[in-house]
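# Per-entry structural report
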Amino acid sequence: MASKRRYRGIDQLSGRDKIVVGLMVVVPTLLVLWLVWIPAIGSVLLSFTNWDGIGPLSDIKSVGLQNYRDIATIYPPFWPAIQHNLIWLAVMFFIATPLGMLFAILVDRGVAGTRFYQTSIYLPVVLSLALIGFIWQLIYSRDQGLLNAITGGTTDWYGDPSVNLWAALVAATWRHSGYIMLLYLAGLKGVDPSLREAAKIDGASETTTFFRVVFPVMRPINIIVLVVTFIESLRAFDLVWVINKGRNGLELISTLVTQNVVGEASRIGFGSALATIMLAISSVLVFIYLRIAMKED
(Lines give C-alpha, C1' and ligand atoms only; values in the text may rest on other atoms or scores of the structure.)
Protein backbone atom coordinates (compact mmCIF):
# COMPACT_ATOMS: atom_id res chain seq x y z
CA MET A 1 0.00 0.00 0.00
CA ALA A 2 2.84 2.39 0.85
CA SER A 3 4.48 1.85 -2.55
CA LYS A 4 1.16 2.44 -4.33
CA ARG A 5 0.69 5.70 -2.42
CA ARG A 6 4.23 6.75 -3.30
CA TYR A 7 3.78 6.06 -7.01
CA ARG A 8 0.39 7.76 -6.90
CA GLY A 9 2.05 10.84 -5.37
CA ILE A 10 4.63 10.93 -8.16
CA ASP A 11 1.90 10.60 -10.78
CA GLN A 12 0.11 13.58 -9.25
CA LEU A 13 3.12 15.86 -9.83
CA SER A 14 2.65 18.50 -12.47
CA GLY A 15 4.79 18.55 -15.58
CA ARG A 16 6.86 21.42 -14.19
CA ASP A 17 7.47 19.57 -10.92
CA LYS A 18 8.61 16.47 -12.81
CA ILE A 19 11.10 18.58 -14.77
CA VAL A 20 12.46 20.09 -11.55
CA VAL A 21 12.80 16.66 -9.91
CA GLY A 22 14.48 15.32 -13.04
CA LEU A 23 16.97 18.20 -13.09
CA MET A 24 17.72 17.67 -9.38
CA VAL A 25 18.73 14.11 -10.20
CA VAL A 26 20.38 14.58 -13.60
CA VAL A 27 22.46 17.73 -12.94
CA PRO A 28 24.31 16.43 -9.81
CA THR A 29 24.83 13.07 -11.52
CA LEU A 30 26.39 14.74 -14.57
CA LEU A 31 28.60 16.92 -12.36
CA VAL A 32 29.86 13.91 -10.41
CA LEU A 33 30.54 12.04 -13.65
CA TRP A 34 32.31 15.01 -15.21
CA LEU A 35 34.34 16.13 -12.20
CA VAL A 36 35.04 12.81 -10.44
CA TRP A 37 34.52 9.63 -12.42
CA ILE A 38 35.70 10.71 -15.88
CA PRO A 39 38.97 12.25 -14.54
CA ALA A 40 39.56 9.19 -12.33
CA ILE A 41 39.02 6.73 -15.19
CA GLY A 42 41.08 8.95 -17.50
CA SER A 43 43.98 8.96 -15.03
CA VAL A 44 43.92 5.17 -14.80
CA LEU A 45 43.95 4.81 -18.59
CA LEU A 46 46.72 7.42 -19.04
CA SER A 47 48.86 5.65 -16.42
CA PHE A 48 49.55 2.94 -19.02
CA THR A 49 50.82 5.46 -21.59
CA ASN A 50 53.86 7.68 -22.14
CA TRP A 51 51.87 10.82 -22.94
CA ASP A 52 53.63 14.06 -22.03
CA GLY A 53 50.60 16.30 -22.51
CA ILE A 54 51.92 17.72 -25.77
CA GLY A 55 50.52 16.87 -29.17
CA PRO A 56 47.28 15.22 -30.27
CA LEU A 57 45.75 12.29 -28.43
CA SER A 58 46.48 10.11 -31.46
CA ASP A 59 50.18 10.27 -30.56
CA ILE A 60 49.60 8.54 -27.22
CA LYS A 61 51.41 5.19 -27.05
CA SER A 62 50.78 2.41 -24.60
CA VAL A 63 53.71 1.34 -22.42
CA GLY A 64 51.90 -1.25 -20.32
CA LEU A 65 53.15 -1.39 -16.73
CA GLN A 66 56.41 0.42 -17.49
CA ASN A 67 55.42 3.54 -15.53
CA TYR A 68 54.67 1.47 -12.44
CA ARG A 69 57.97 -0.40 -12.74
CA ASP A 70 59.86 2.87 -13.10
CA ILE A 71 58.10 4.33 -10.06
CA ALA A 72 59.08 1.37 -7.89
CA THR A 73 62.64 0.96 -9.17
CA ILE A 74 64.21 4.10 -10.65
CA TYR A 75 62.21 7.00 -9.18
CA PRO A 76 64.07 8.02 -5.99
CA PRO A 77 61.39 10.24 -4.36
CA PHE A 78 58.70 7.53 -4.39
CA TRP A 79 59.69 5.38 -1.41
CA PRO A 80 60.57 8.40 0.79
CA ALA A 81 57.13 9.78 -0.11
CA ILE A 82 55.49 6.51 0.98
CA GLN A 83 57.44 6.66 4.24
CA HIS A 84 56.46 10.29 4.84
CA ASN A 85 52.79 9.55 4.17
CA LEU A 86 52.92 6.69 6.68
CA ILE A 87 54.54 8.97 9.26
CA TRP A 88 51.88 11.59 8.51
CA LEU A 89 49.16 8.98 9.04
CA ALA A 90 50.70 7.78 12.31
CA VAL A 91 50.94 11.30 13.73
CA MET A 92 47.40 12.19 12.68
CA PHE A 93 46.02 8.93 14.07
CA PHE A 94 47.97 8.60 17.33
CA ILE A 95 48.43 12.28 18.25
CA ALA A 96 46.05 14.63 16.41
CA THR A 97 42.97 12.39 16.70
CA PRO A 98 43.30 11.64 20.45
CA LEU A 99 44.01 15.34 21.00
CA GLY A 100 40.81 16.27 19.17
CA MET A 101 38.92 13.66 21.20
CA LEU A 102 40.29 15.16 24.42
CA PHE A 103 39.19 18.64 23.35
CA ALA A 104 35.71 17.29 22.58
CA ILE A 105 35.43 15.67 26.02
CA LEU A 106 36.51 18.86 27.79
CA VAL A 107 34.13 21.03 25.80
CA ASP A 108 31.28 18.52 26.27
CA ARG A 109 31.75 18.62 30.05
CA GLY A 110 30.90 22.32 29.97
CA VAL A 111 34.10 23.76 31.42
CA ALA A 112 34.24 27.51 31.96
CA GLY A 113 34.63 29.37 28.66
CA THR A 114 33.32 26.48 26.59
CA ARG A 115 32.19 28.70 23.73
CA PHE A 116 35.57 30.42 23.55
CA TYR A 117 37.50 27.14 23.55
CA GLN A 118 35.19 25.57 20.99
CA THR A 119 35.58 28.54 18.64
CA SER A 120 39.32 28.93 19.08
CA ILE A 121 40.08 25.23 18.61
CA TYR A 122 37.81 24.98 15.56
CA LEU A 123 39.11 28.21 13.99
CA PRO A 124 42.05 26.55 12.13
CA VAL A 125 39.59 24.18 10.42
CA VAL A 126 37.99 27.03 8.46
CA LEU A 127 41.43 28.12 7.25
CA SER A 128 43.07 26.49 4.25
CA LEU A 129 46.25 24.49 4.81
CA ALA A 130 48.02 26.93 2.50
CA LEU A 131 47.14 29.83 4.82
CA ILE A 132 48.11 27.72 7.83
CA GLY A 133 51.49 27.18 6.17
CA PHE A 134 52.02 30.94 5.94
CA ILE A 135 50.91 31.43 9.56
CA TRP A 136 53.36 28.85 10.86
CA GLN A 137 56.09 30.26 8.67
CA LEU A 138 55.95 33.33 10.92
CA ILE A 139 56.68 30.98 13.81
CA TYR A 140 59.26 28.77 12.09
CA SER A 141 61.25 31.40 10.17
CA ARG A 142 64.96 31.01 10.86
CA ASP A 143 65.78 34.73 11.14
CA GLN A 144 62.53 36.38 12.24
CA GLY A 145 60.43 33.47 13.52
CA LEU A 146 58.80 33.48 16.94
CA LEU A 147 60.16 30.05 17.93
CA ASN A 148 63.82 30.92 17.34
CA ALA A 149 63.31 34.32 18.96
CA ILE A 150 62.06 32.63 22.14
CA THR A 151 64.62 29.80 22.23
CA GLY A 152 67.54 31.82 20.87
CA GLY A 153 68.21 29.13 18.25
CA THR A 154 68.94 29.38 14.53
CA THR A 155 67.18 26.25 13.26
CA ASP A 156 65.68 26.49 9.78
CA TRP A 157 62.51 24.60 10.67
CA TYR A 158 61.14 24.55 7.13
CA GLY A 159 64.47 24.22 5.32
CA ASP A 160 66.28 21.54 7.33
CA PRO A 161 65.23 18.12 5.95
CA SER A 162 65.83 16.49 9.32
CA VAL A 163 63.12 18.54 11.06
CA ASN A 164 60.86 20.11 8.40
CA LEU A 165 58.53 17.11 8.21
CA TRP A 166 57.91 17.26 11.96
CA ALA A 167 57.45 21.02 11.83
CA ALA A 168 54.84 20.59 9.09
CA LEU A 169 53.13 17.87 11.13
CA VAL A 170 52.77 20.20 14.11
CA ALA A 171 50.97 22.70 11.87
CA ALA A 172 48.78 19.95 10.37
CA THR A 173 47.96 18.60 13.85
CA TRP A 174 46.86 22.09 14.91
CA ARG A 175 44.23 22.01 12.17
CA HIS A 176 43.26 18.34 12.21
CA SER A 177 42.59 18.17 15.96
CA GLY A 178 39.94 20.89 15.64
CA TYR A 179 38.12 18.96 12.94
CA ILE A 180 38.20 15.75 14.98
CA MET A 181 36.95 17.69 18.01
CA LEU A 182 33.90 18.78 16.03
CA LEU A 183 33.11 15.22 14.92
CA TYR A 184 33.45 13.74 18.40
CA LEU A 185 31.57 16.62 19.96
CA ALA A 186 28.63 15.84 17.69
CA GLY A 187 28.92 12.17 18.67
CA LEU A 188 29.02 12.95 22.39
CA LYS A 189 25.91 15.10 22.13
CA GLY A 190 24.07 12.12 20.64
CA VAL A 191 24.92 9.68 23.45
CA ASP A 192 21.94 8.81 25.64
CA PRO A 193 22.52 10.45 29.08
CA SER A 194 20.87 7.46 30.78
CA LEU A 195 23.88 5.32 29.83
CA ARG A 196 26.22 7.55 31.80
CA GLU A 197 23.82 7.70 34.72
CA ALA A 198 23.58 3.90 34.81
CA ALA A 199 27.37 3.59 34.76
CA LYS A 200 27.65 6.17 37.54
CA ILE A 201 25.16 4.27 39.68
CA ASP A 202 27.24 1.11 39.16
CA GLY A 203 30.23 2.98 40.57
CA ALA A 204 32.18 3.39 37.33
CA SER A 205 34.64 6.28 37.13
CA GLU A 206 34.40 8.89 34.39
CA THR A 207 37.34 7.35 32.54
CA THR A 208 35.85 3.86 32.72
CA THR A 209 32.45 5.17 31.67
CA PHE A 210 33.92 6.83 28.60
CA PHE A 211 35.99 3.89 27.35
CA ARG A 212 33.54 1.12 28.35
CA VAL A 213 30.21 2.83 27.59
CA VAL A 214 30.44 6.08 25.64
CA PHE A 215 33.25 5.26 23.22
CA PRO A 216 31.70 1.97 21.96
CA VAL A 217 28.36 3.74 21.42
CA MET A 218 30.10 6.21 19.11
CA ARG A 219 31.23 3.43 16.75
CA PRO A 220 29.83 5.14 13.61
CA ILE A 221 31.74 8.32 14.50
CA ASN A 222 34.89 6.29 15.14
CA ILE A 223 34.68 4.76 11.67
CA ILE A 224 34.16 8.16 10.06
CA VAL A 225 37.12 9.59 11.97
CA LEU A 226 39.27 6.66 10.87
CA VAL A 227 38.37 7.15 7.20
CA VAL A 228 38.77 10.94 7.35
CA THR A 229 42.16 10.65 9.06
CA PHE A 230 43.39 8.08 6.54
CA ILE A 231 42.29 10.05 3.49
CA GLU A 232 43.48 13.40 4.85
CA SER A 233 46.89 11.89 5.55
CA LEU A 234 47.14 10.45 2.07
CA ARG A 235 46.02 13.58 0.26
CA ALA A 236 48.09 16.00 2.37
CA PHE A 237 49.33 18.55 -0.14
CA ASP A 238 48.64 22.24 0.48
CA LEU A 239 50.87 22.69 3.50
CA VAL A 240 54.02 21.06 2.14
CA TRP A 241 53.52 22.62 -1.30
CA VAL A 242 53.51 26.08 0.27
CA ILE A 243 56.65 25.25 2.24
CA ASN A 244 58.93 23.96 -0.54
CA LYS A 245 56.75 22.26 -3.21
CA GLY A 246 57.25 18.86 -1.57
CA ARG A 247 61.03 18.63 -1.86
CA ASN A 248 64.04 18.39 0.45
CA GLY A 249 62.55 16.04 3.03
CA LEU A 250 58.86 16.80 2.46
CA GLU A 251 58.12 14.41 -0.39
CA LEU A 252 54.54 13.15 -0.39
CA ILE A 253 52.63 11.14 -3.01
CA SER A 254 50.32 14.07 -3.76
CA THR A 255 53.23 16.45 -4.39
CA LEU A 256 54.91 13.91 -6.69
CA VAL A 257 51.71 13.72 -8.73
CA THR A 258 51.62 17.50 -9.08
CA GLN A 259 55.31 17.77 -9.95
CA ASN A 260 54.94 15.28 -12.80
CA VAL A 261 51.55 16.37 -14.15
CA VAL A 262 51.72 20.17 -13.98
CA GLY A 263 55.38 20.71 -13.17
CA GLU A 264 58.31 21.30 -15.48
CA ALA A 265 58.57 17.60 -16.35
CA SER A 266 55.02 17.39 -17.79
CA ARG A 267 54.94 13.60 -17.70
CA ILE A 268 51.20 13.03 -17.75
CA GLY A 269 51.41 9.25 -18.04
CA PHE A 270 53.95 8.91 -15.23
CA GLY A 271 52.05 11.32 -12.99
CA SER A 272 48.79 9.47 -13.71
CA ALA A 273 50.43 6.25 -12.55
CA LEU A 274 51.31 7.94 -9.25
CA ALA A 275 47.75 9.25 -8.98
CA THR A 276 46.38 5.77 -9.66
CA ILE A 277 48.53 4.32 -6.86
CA MET A 278 47.20 7.05 -4.56
CA LEU A 279 43.63 6.30 -5.67
CA ALA A 280 44.06 2.56 -5.09
CA ILE A 281 45.43 3.04 -1.57
CA SER A 282 42.66 5.45 -0.56
CA SER A 283 39.97 3.22 -2.07
CA VAL A 284 40.88 0.32 0.22
CA LEU A 285 39.72 1.99 3.43
CA VAL A 286 36.74 3.63 1.72
CA PHE A 287 35.65 0.18 0.55
CA ILE A 288 36.02 -1.19 4.08
CA TYR A 289 33.98 1.72 5.46
CA LEU A 290 31.19 1.24 2.91
CA ARG A 291 31.10 -2.48 3.60
CA ILE A 292 30.76 -1.90 7.34
CA ALA A 293 28.14 0.81 6.86
CA MET A 294 26.01 -1.33 4.51
CA LYS A 295 26.36 -4.32 6.82
CA GLU A 296 25.03 -2.27 9.75
CA ASP A 297 22.10 -1.06 7.64
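In this text, all values refer to a predicted model and were calculated from it rather than measured experimentally. (Residues numbered from 1 in each chain as written. Predicted model: local features only at pLDDT ≥ 70, side-chain atom pairs only at ≥ 80, totals over all residues. Heavy atoms only, no water.)

If you tally the helices and strands in the protein, you get 14 helices and zero strands. In terms of overall size, the protein is more extended than a compact globule, its C-alpha atoms giving a radius of gyration of 24 Å where 297 residues would be expected to give roughly 19 Å. Over its C-alpha atoms, taken along the principal directions, the protein stretches across nearly 75 × 70 × 35 Å. Looking at the protein residue by residue over its 297 residues, the buried ones come to 33%. Put simply, 64% of the contacts in the protein that link residues at least 6 apart link residues at least 24 apart. As presented, the protein carries roughly 18200 Å² of accessible surface, and 67% of it is formed by carbon and sulfur atoms. Across the protein, 23 positive and 19 negative side-chain charges occur, with their mean positions spaced 9 Å apart. (Helix = DSSP H or I, 4+ residues; strand = E, 2+ residues; numbered from the N terminus. Rg over C-alpha atoms; globule rule 2.2 N^0.38 Å. Buried < 20%, exposed > 50% of the residue type's maximum accessible area, 1.4 Å probe, protein only. Contact = heavy atoms within 4.5 Å. Areas by Shrake-Rupley, 256 points an atom, 1.4 Å probe, with all protein chains shown as cover. Lys, Arg positive; Asp, Glu negative; His and termini not counted. Charge placed at Lys NZ, Arg CZ, Asp CG, Glu CD.)

The next thing to look at is the packing of helix α4 (residues 78-108) against helix α11 (residues 219-234). Geometry of a packed helix pair, given as the angle between the helix axes and the separation of the axes. Here α4 crosses α11 at 145 degrees, and the two axes come no closer than 8 Å. Of the two possible hands of crossing, α4 and α11 adopt the one that is right-handed. Packed against α4, whose contacting residues are Asn-85, Trp-88, Leu-89, Met-92, Phe-93 and Thr-97, the element α11 presents Val-225, Leu-226, Thr-229, Phe-230, Ser-233 and Leu-234 at the interface. Residues belonging to the contact of α4 with α11 are distributed by class as follows: eight nonpolar, four polar and no charged. (Axes fitted to C-alpha atoms, helices over the stretch in contact; angles between N-to-C directions. Left-handed = near helix turned anticlockwise from the far one by under 90°. Nonpolar A, V, L, I, M, F, W, Y, C, P; charged D, E, K, R; others polar.)

In this structure, Lys-245 takes a positive phi of about 60 degrees despite not being glycine. Here Lys-245 lies in the loop between α12 (238-244) and α13 (253-261). A residue is classified by how much of its surface remains accessible, and Lys-245, at 39% relative accessible area, is partly exposed. If you check the backbone angles, Asn-248 has positive phi at about 55 degrees while not being a glycine. Of note, Asn-248 is situated in the loop between α12 and α13. According to the relative accessible area criterion, Asn-248 is partly exposed, its value standing at 42%.

In this section: the side chain of Thr-209. On the secondary structure map, Thr-209 appears in helix α10 (residues 206-217). Under the relative-accessibility criterion, Thr-209 is labelled buried at 9%. At a separation of 2.7 Å, a polar atom in the side chain of Thr-209 contacts the main-chain carbonyl oxygen of Ser-205. If near-sequence neighbours (up to four positions away) are discounted, Thr-209 is found in contact with Arg-196, Ala-199, Ala-204 and Val-214. (Polar contact = N/O pair within 3.5 Å; in protein donor to acceptor, adjacent residues only side chain to side chain.)

Under the present numbering, the feature "transmembrane region" (unreviewed entry) in UniProt falls on residues 21-48, 86-107, 119-139, 165-188, 209-231 and 268-290. Here residues 21-48 is 93% helix and 0% strand, with 40 Å between the C-alpha atoms at its ends. As annotated, residues 119-139 has a helix share of 71% and a strand share of 0%, and its two end C-alpha atoms lie 22 Å apart. (UniProt positions renumbered as here; feature names shortened; annotations may be inferred.)

Glancing now at the nonpolar core. In this structure, Trp-88, Met-92 and Leu-239 are the most contacted members of the largest nonpolar core, which totals 21 residues. Taken together, the elements giving at least two residues each to this core come down to α4, α6 (129-140), α8 (164-189) and α12. If you tally residues by element for this core, the top one is α8, at six residues. Contact partners of Met-92, with chain neighbours within four places excluded, come to Thr-97, Leu-169, Ala-172, Thr-173, His-176, Thr-229 and Ser-233. (Core = buried A, V, L, I, M, F, W, Y, C linked by side-chain atoms within 4.5 Å.)

Once that is clear, we can look at the confidence of the model for the protein. Close reading of the predicted structure is inappropriate where its pLDDT is low. Considering every residue of the protein, the mean pLDDT works out to 84; 93% of them sit at 70 or more. Across the protein, helix α3 (residues 66-73) holds the top mean pLDDT of 92, while helix α1 (residues 2-11) sits lowest at 50. Confidence drops under pLDDT 50 across residues 1-7; counting only partners more than four residues distant or on other chains, this segment forms zero contacts. (pLDDT = per-residue confidence, 0-100.)

With that out of the way, let us pick up the pattern of salt bridges. Tallied over the full model, the rule gives four salt bridges. Note that Arg-196 and Asp-108 form a salt bridge whose closest N and O atoms lie 3.4 Å from each other. Taken together, the residues Arg-196 in helix α9 (residues 193-201) and Asp-108 in helix α4 connect sequence positions 88 residues apart. We note a salt bridge from Arg-142 to Asp-143, for which the minimum N-O separation is 3.7 Å. Judged by relative accessible area, which is 65%, Asp-143 ranks as exposed. Here the salt bridges do not stand alone but share partners, grouping Asp-108, Lys-189 and Arg-196 into one network. (Salt bridge = Lys/Arg side-chain N within 4 Å of Asp/Glu carboxyl O.)

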